[in-house]
Amino acid sequence: METVKEFMQSFFAERAAIDRAAEARGAPFVEKYYTTEYLAASRRVHDKAHTYGKLIPSVILQVNISDSTATVITSEPSYETSERHIYKLRKATKGWQIDQRGDECYLCDGTGVFQGETCNKCDGKKWRYSSASEGRD
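Conventions and cut-offs
Residues numbered from 1 in each chain as written. Predicted model: local features only at pLDDT ≥ 70, side-chain atom pairs only at ≥ 80, totals over all residues. Heavy atoms only, no water. 1 Å grid on protein atoms, 1.4 Å probe; cavity = no way out; pocket = protein on both sides within 12 Å on 5 of 7 lines; lining within 4 Å. Points joined across faces, edges and corners; volume = space filled by probe spheres on them. Helix = DSSP H or I, 4+ residues; strand = E, 2+ residues; numbered from the N terminus. Nonpolar A, V, L, I, M, F, W, Y, C, P; charged D, E, K, R; others polar. Polar contact = N/O pair within 3.5 Å; in protein donor to acceptor, adjacent residues only side chain to side chain. Contact = heavy atoms within 4.5 Å.

**What about the layout of surface pockets?**
Part 1: Estimated volume of the largest pocket: approximately 830 Å³.
Part 2: Lining the largest pocket are 23 residues, and of these Ala16, Asp19, His50, Gly53 and Pro77 lie nearest its centre.
Part 3: Within the residue set of the lining of the largest pocket, elements represented by two or more residues are α1 (4-33), α2 (36-55) and β2 (69-78).
Part 4: Here the element with the most residues in the lining of the largest pocket is α1; it accounts for 8 residues.
Part 5: When grouped by side-chain class, the residues that make up the lining of the largest pocket number 8 nonpolar, 8 polar and 7 charged.
Part 6: Lining the second largest pocket are Glu23, Gly26, Ala27, Val30, Glu31, Tyr34, Tyr38, Leu39, Ser42, Arg43 and His46.

**Some thoughts on the side chain of threonine 74**
Part 1: Take threonine 74: it is sitting in strand β2.
Part 2: Within polar-contact distance, the side chain of threonine 74 engages the side chain of glutamate 76 at 2.6 Å.
Part 3: Non-local contacts of threonine 74, meaning those with residues more than four positions away in its chain, are made with Met8, Phe12, Val59, Ile60, Leu61, Glu83, Arg84, His85 and Tyr87.

Coordinates in, geometry out; function isn't part of it.
The following block contains the structure:
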């Protein structure tokens, strides 16, 4: 059975490949609707972010495994910085599947406390989950 770390590394690699393919498929569209100057400026921003992503790739910071679930905290490149994410996984027939995904709360910086009180954006949970998984934590 695939380990949690192997699953996440596969996820990162396949997600990157899909992003590259989507960009290639969309090239004729952007070339049709955007000026050369706009595309050049956009390309510079994209190239800078892509370079950062190569230098500081997605990494697994922490893994907690129970019988049929796992929680994985990652650091992933985002433009010129890294962001922490949380993935809640469930065992599947042939490995793992992502059940929930969240981002470190931007207001309290993942502390759960903002201005001395429980953060009202994450309710003190340190993470904000995507709408697909809200309320399931």
